[in-house]
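Each chain, written out:
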Amino acid sequence: PTPPTFGPSGSENEICSGPTLDDRIVGIKRLHRGKPRFSSLHYNAVDIMFGVACTLRLYNGIPKQPTTKVESNVRDLAEQMENEFDSAIGAAETLLCSSRVLENDTRFTSIEEVMPSCSESAIRLSKMNLCNSSWSVLSQDLVAILANGRRGVLRALLDGKDILRCGSKAAKLHVAATATKTSGGGEDASPKGEQLGEAQKRYKLAQKKIEFYLSWCLEYWGEIQSENLTEAAKDWVTEWGQVTRKGGETLSI
């Protein structure tokens, strides 16, 4: 499949159809007046954008709904829809695993902190089969997002919000289906249903975090020297062709 394009318009690779990118930007909730600026929050946003790039590379967006054909029976269609739900949940899990800000509420204060963290995440995810692209590719994606300024940043964050929203909806439907099956068959509560219920809570919490960063970036990204941030990211990628982990192990990236 064609890799995602990290441009500012979002016309070709939008995850959710409907409102345009401009419409969605206008709809972003504004921060309250007097809200602290928190000057280093843009480094946390970089970590989230890396997670979005990693997820879109692996899934290339949320898969399209299955097409119903005359020869398809109900069982085949049910299996197709099950795969769609699993993909939505898998994409949400990948996003959380690849963003330490979303998963662990990690905080970064410089490009020298966030870039090594992203490269470490790429290596870790690759070993877990949750990443199908090298750090070289993902770092270029990240730089491309930053190079498009506030509009590109907002688009990436909106994509992340969509991934989590779709994952939360899929988990909720799975929980409802499990509850119906359990009540009808007189079985005990399904462990999978409980796990998905917890996953849905995690997705919703992470979605709230992205909504905050959307509001913050809309308000303050214009004050950031985005060209300098992009160049700093480029310089880090160029300078560090490998990362040394604790214990002296050197890994190519």
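The present account deals with the structure reproduced in this document. This is a predicted model, so every value here is computed, not measured. (Residues numbered from 1 in each chain as written. Predicted model: local features only at pLDDT ≥ 70, side-chain atom pairs only at ≥ 80, totals over all residues. Heavy atoms only, no water.)

**Describing the overall build of the protein**
In step 1: Within the protein one finds nine helices and two strands.
In step 2: When burial is assessed residue by residue, the protein has 46% of its 253 residues classed as buried.
In step 3: The long-range fraction of contacts in the protein, counting pairs at least 24 apart against all pairs at least 6 apart in sequence, stands at 81%. (Helix = DSSP H or I, 4+ residues; strand = E, 2+ residues; numbered from the N terminus. Buried < 20%, exposed > 50% of the residue type's maximum accessible area, 1.4 Å probe, protein only. Contact = heavy atoms within 4.5 Å.)

**Describing the packing of aromatic side chains**
A ring pair, where both rings are aromatic, is described by two values, the distance of the centres and the angle of the planes.
In step 1: Scanning the entire structure with this criterion turns up four aromatic pairs.
In step 2: Considering the side-chain rings of F50 and W135, the 5.9 Å spacing of their centres and the 55° angle between planes classify their relative orientation as tilted. A residue pair is termed long-range when its members are at least 10 positions apart, and F50 in helix 2 (residues 41-59) and W135 in helix 6 (residues 135-147) qualify at 85 residues. For the pair F50 and W135, a shared accessibility class is recorded, and that class is buried.
In step 3: A centroid spacing of 5.4 Å and a plane angle of 80° characterise the contact between F212 and Y213, whose relative ring orientation is edge-to-face.
In step 4: Looking at F212, the relative accessible area reads 27%, which means it is partly exposed. (Phe/Tyr/Trp six-rings, centres within 6.5 Å; stacked < 30°, edge-to-face > 60°.)

**Structural notes on the nonpolar core**
Soluble globular proteins tend to pack their nonpolar side chains together in the buried interior.
In step 1: With 63 residues, the main nonpolar core has M49, L157 and W221 as its most contacted residues.
In step 2: A total of eleven residues in this core trace back to one element, the largest contributor, which is helix 8 (residues 191-220).
In step 3: When sequence neighbours within four positions are dropped, the list of residues in contact with W221 reads H42, A45, M49, L146, G149, R150, V153, W216, S226 and L229. (Core = buried A, V, L, I, M, F, W, Y, C linked by side-chain atoms within 4.5 Å.)

**Re helix 9 (residues 226-239)**
In step 1: Taking 1.5 Å of rise per residue, the 14 residues of helix 9 would be expected to cover 20 Å, and the 20 Å separating its terminal C-alpha atoms lies within 8% of that figure.
In step 2: Taken as a whole, helix 9 has its buried residues at S226, L229, T230, A233 and W236. End-on, the buried residues of helix 9 take up no more than an arc of 125°, which puts them together on one face. Exposed positions of helix 9 whose direction lies more than 90 degrees from the buried face are E227, N228, T238 and E239.
In step 3: Contacts from the buried residues of helix 9 go to helix 2, helix 5 (111-127) and helix 6. (Expected span 1.5 Å × (residues − 1). Arc of directions from axis to C-beta.)

**Looking at the state of the cysteines**
In step 1: If you walk through the whole model with that rule in mind, you get zero disulfides.
In step 2: Just so you know, C97 is unpaired, no disulfide at all, and the nearest cysteine sulfur is the one on C54, 9.6 Å from it.
In step 3: The cysteine C118 is free of any disulfide, with C54 supplying the nearest cysteine sulfur at 9.8 Å.
In step 4: Note on C118: relative accessible area 0%, which makes it buried. (Disulfide = S-S within 2.5 Å.)

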